[in-house]
Amino acid sequence: MVLTGAHPTRFASHADVFWLQSEGAATPKLSPTVASALVRAAKNADRGRILEGLVSKTPVWGAIQLDRLHATFLKMNSSGVVVIGALNGSALGLGAELAWACDLRVMVDDESFIGQPEVLLGFPPGGGGTQRLARLIGTHRALTAILEGKPFTPREALEVGAVDAVVPPEELMDTAIGMAKHFGARDKEAVGAIKRSIYLGGSMPLEDGLVRENAEFISLMPSARAQELMLDYMASTDNLGELPLYDPEIYAAALAAGFVPKQNGSEQR
């Protein structure tokens, strides 16, 4: 899936400051401990959206809206769909957080910029910026960037690993769609398992992350596609008298196709 902006110079804007200000004004100042309890309460109150009418005029409502935003981004991170952000222009605040939530990012090579300016308005990022940017570029780089509020240029973003490619504007969509086709050729169930293991397990202590990885591994080994590909690989090994992926040409073909193609004896080199 490729996401891009409809605005001629922006991928996605920052959140509506009027919404942020009014929600903040309607919420009493809370300590981080109490706010954490409020966030947990919001999760429970929003289950099934049954109580929406009752809580929409309370301080819980702002937390519920944030929780829905995070839930959307987490669905992107947990799905078997590879999400490509085609950054056709600038992205600040929530717009940048949408980009960080994509699996891959391609940005135009022009005067655009991307970053988290929230500190300049007196508050921290709230759409995942402190968490996802730190996982993309490292804790210290994310800390200094978010503390200063200064955005990255396309070339700076590429250098630190915040985006995966920088291309001329006329090449943006072709590049993004090409990346989507390449990664989309992989098995969707395997893609989902890998994404969950990395996005969700990668932030756990190592022992817990390994449990997450093992669970994804065990649950997918019996799948029809995995069984088919493994049986084909075993047959190819017998036909060639060698492990297929140690042949550079077969490996290259597998990367292009998204799976290891079956080899017969006549293809032995």
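Residues numbered from 1 in each chain as written. Predicted model: local features only at pLDDT ≥ 70, side-chain atom pairs only at ≥ 80, totals over all residues. Heavy atoms only, no water.

> Residues and numbers for the nonpolar core, please.
With 21 residues, the main nonpolar core has I114, L133, I137 and F152 as its most contacted residues. Those elements that provide at least two residues to this core are β2 (10-12), α5 (94-101), α6 (129-137), α7 (139-148) and α8 (154-160). Those residues in contact with I137 that sit more than four places away from it in its chain are A142, F152, V160, G161 and A162. (Core = buried A, V, L, I, M, F, W, Y, C linked by side-chain atoms within 4.5 Å. Buried < 20%, exposed > 50% of the residue type's maximum accessible area, 1.4 Å probe, protein only. Helix = DSSP H or I, 4+ residues; strand = E, 2+ residues; numbered from the N terminus. Contact = heavy atoms within 4.5 Å.)

> So what's going on with the sheet that holds strand β5 (residues 104-108)? Residues and values would help.
One open sheet accounts for 4 strands, arranged β1-β3-β5-β7; its pairing is parallel. Across the chains shown, the open sheet's two edge strands, defined by having one partner strand only, are β1 (2-4) and β7 (165-167). Averaged over neighbouring strand pairs, the angle between their axes works out to 20° when direction is ignored. Sheet analysis places β5 next to β7, joined by 3 bridges and oriented parallel. Paired with V106 across the strands is A165, a residue of β7. (Pairing = 2+ DSSP bridges. Axes fitted to C-alpha atoms, helices over the stretch in contact; angles between N-to-C directions.)

> How would you explain the layout of surface pockets if you had to name every residue and give the values?
Estimates place the volume of the second largest pocket at around 160 Å³. Looking at the second largest pocket, the residues that line it are T144, A145, E148, K150, P151, F152, E156, E159 and V160. Looking at the lining of the second largest pocket, the elements that each hand over two or more residues are α7 and α8. When grouped by side-chain class, the residues that make up the lining of the second largest pocket number 4 nonpolar, 1 polar and 4 charged. (1 Å grid on protein atoms, 1.4 Å probe; cavity = no way out; pocket = protein on both sides within 12 Å on 5 of 7 lines; lining within 4 Å. Points joined across faces, edges and corners; volume = space filled by probe spheres on them. Nonpolar A, V, L, I, M, F, W, Y, C, P; charged D, E, K, R; others polar.)

> Tell me about the packing of aromatic side chains, and please be specific about residues and values.
Taken as a whole and assessed by the stated rule, the structure comprises 0 aromatic pairs. The ring of F259 has R225 sitting right over it, with the charged end atom 5.0 Å from the ring centre. (Phe/Tyr/Trp six-rings, centres within 6.5 Å; stacked < 30°, edge-to-face > 60°. Lys NZ or Arg CZ within 6 Å of the ring centre and 35° of its normal.)

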